[in-house]
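Observations on the three-dimensional arrangement
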Amino acid sequence: MSEVAGVAFDLADDWVWDFWLADDGAAHHLFFLKAPRSLGDPELRHRNASTGHAVSTDLRSWTRVADALDPQPSPAFDDLATWTGCVVRADDGSWRLFSTGLSRAEDGMVQRVGVSSSDDLVTWKREAGPLLEADPQWYSTRPAGAAETHWRDPWVCRDATGLWHLYATARGLEGDGAVVAHAVSEDLWSWEVRPPLSPPSTRFTWAEVISLHELDGRWVLVFSCLADQMPGAPDGAGGVWAVPVDGPGAPVDLDRATRITSEDLYVGKLARTRAGEHRFLAFQNHDATGGFTGGVIEPVPVAWSSDGTGLVLDGVPRRWLPAEAREF
């Protein structure tokens, strides 16, 4: 297939980066992090992030609608910024938006998960207080003077028994390796934090923006990590990663992950078209010069690799592919 991929959604006045999707059967809903370009330095976007919203019928042409979430008035666990999350539909037909919150009182150094509810995916009601945070029995928390506590990027899905599973980015109690944090719920309100689904990784310091997808009858866990969070890795060795798993709540071996993209893309998600075809989306992280770009790409075909160990994309620019997958 010839290269056809480009940016499908971006904003003139705001940077657009991390995102997640929901499908109500009539439209696809894109929820995305945004911050004003007037800040000047794109690195400042993280502490100034809010959640925008756009809709589409084809995953390509997006119409922006009212923003979903802004930081709450102080004091609140998310009064500094709102970060990445996910949206799922409850049994009563309502929707739940799980998001990451950072507070001013802690200077953004502690990340917690909150939840909002909606009947129409447009108007959201924040539920009081954080829903989940790192349990020191299983996960690293921030001692004085150390790095921030990682408990972010919630992803919620359901297993065949009806049990809900929440995945999150975290670090374990041993060393600096990334772990796949895990919690379960029967009703989306009351959650039990459980031990990580993975041992601490020896390859990745972070496993960011985890998501779980079923593709052709098999499950795959997708996450993102750049080379600067991969001890000993050469420059440019990061990107979006995939590793097969047995399903929601199953053990994960992050160290077996294979790359889907180069560092030019980040935060990969899988979606299905109305024709039932699987597509891959990500945001454009770097341009050809290595500068931050932003903007969500057009959906591109995705399939299992020939050996079944990861995913491959079709119809994207060569620089978006990992070096080991490019054809010369």
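Higher on the page you've got the structure.
Residues numbered from 1 in each chain as written. Predicted model: local features only at pLDDT ≥ 70, side-chain atom pairs only at ≥ 80, totals over all residues. Heavy atoms only, no water.

What the protein contains, in helices and strands, is zero helices and 22 strands. Relative to its full complement of 328 residues, the protein shows a buried share of 56%. Carbon and sulfur atoms make up 49% of the accessible area of the protein, which amounts to about 13500 Å² in all. (Helix = DSSP H or I, 4+ residues; strand = E, 2+ residues; numbered from the N terminus. Buried < 20%, exposed > 50% of the residue type's maximum accessible area, 1.4 Å probe, protein only. Areas by Shrake-Rupley, 256 points an atom, 1.4 Å probe, with all protein chains shown as cover.)

Here the focus is the sheet that holds strand β2 (residues 14-23). Taken together, the four strands give an open sheet; going across it, the order is β2-β3-β4-β5, and neighbouring strands pair in antiparallel fashion. At either margin of the open sheet sits one strand with a lone partner, and together these are β2 and β5 (63-69). Neighbouring strand axes in the sheet, compared pairwise and without regard to direction, differ in orientation by 30° on average. Summarising the sheet, strand β3 (residues 28-36) and strand β4 (residues 50-56) pair through seven bridges and their orientation is antiparallel. (Pairing = 2+ DSSP bridges. Axes fitted to C-alpha atoms, helices over the stretch in contact; angles between N-to-C directions.)

A few words on empty space enclosed by the protein. As enumerated under the stated definition, the model contains one cavity of 30 Å³ or more in all. Along its surface, the largest cavity is lined by Q72, F77, D78, S99, G114, V115, S116, R126, E127 and G129. Ranked by residues supplied to the lining of the largest cavity, first place goes to strand β8 (residues 112-118) with three residues. Grouping the amino acids of the lining of the largest cavity by side-chain chemistry returns two nonpolar, five polar and three charged. (1 Å grid on protein atoms, 1.4 Å probe; cavity = no way out; pocket = protein on both sides within 12 Å on 5 of 7 lines; lining within 4 Å. Points joined across faces, edges and corners; volume = space filled by probe spheres on them. Nonpolar A, V, L, I, M, F, W, Y, C, P; charged D, E, K, R; others polar.)

In terms of nonpolar packing, the biggest core is built from 41 residues, with F98, W151, L221 and F223 touching the most fellow members. Once residues within four sequence positions are removed from consideration, F223 is found in contact with F204, A207, E208, V209, I210, G239, V240, W241, L254 and A257. One finds W83, V209, L226 and Y266 within the second-largest nonpolar core, a separate group that totals 38 residues. (Core = buried A, V, L, I, M, F, W, Y, C linked by side-chain atoms within 4.5 Å. Contact = heavy atoms within 4.5 Å.)

Turning next to the packing of aromatic side chains. Inspection of every chain in the model, using the stated rule, returns nine aromatic pairs. Their ring planes at 80° and their centres at 6.0 Å tell us that F31 and W124 sit as a pair that is edge-to-face. With F31 in strand β3 and W124 in the loop between β8 and β9 (125-126), this pair connects stretches of sequence that are 93 residues apart. W124 shares its class with F31; the two are buried. Arranged with centres 4.9 Å apart and planes meeting at 65°, the rings of Y139 and W151 form a pair that is edge-to-face. One end of the pair, Y139, is in the loop between β9 and β10 (152-158); the other, W151, is in the loop between β9 and β10, and twelve residues separate them in sequence. By relative accessible area, which is 0% here, Y139 ends up buried. Among the aromatic residues, those joined into a ring-pair cluster are W20, F31 and W124. Between the NZ or CZ atom of R45 and the centre of the ring of F292, over which it lies, the distance is 3.9 Å. The ring of W206 has R152 sitting right over it, with the charged end atom 4.6 Å from the ring centre. (Phe/Tyr/Trp six-rings, centres within 6.5 Å; stacked < 30°, edge-to-face > 60°. Lys NZ or Arg CZ within 6 Å of the ring centre and 35° of its normal.)

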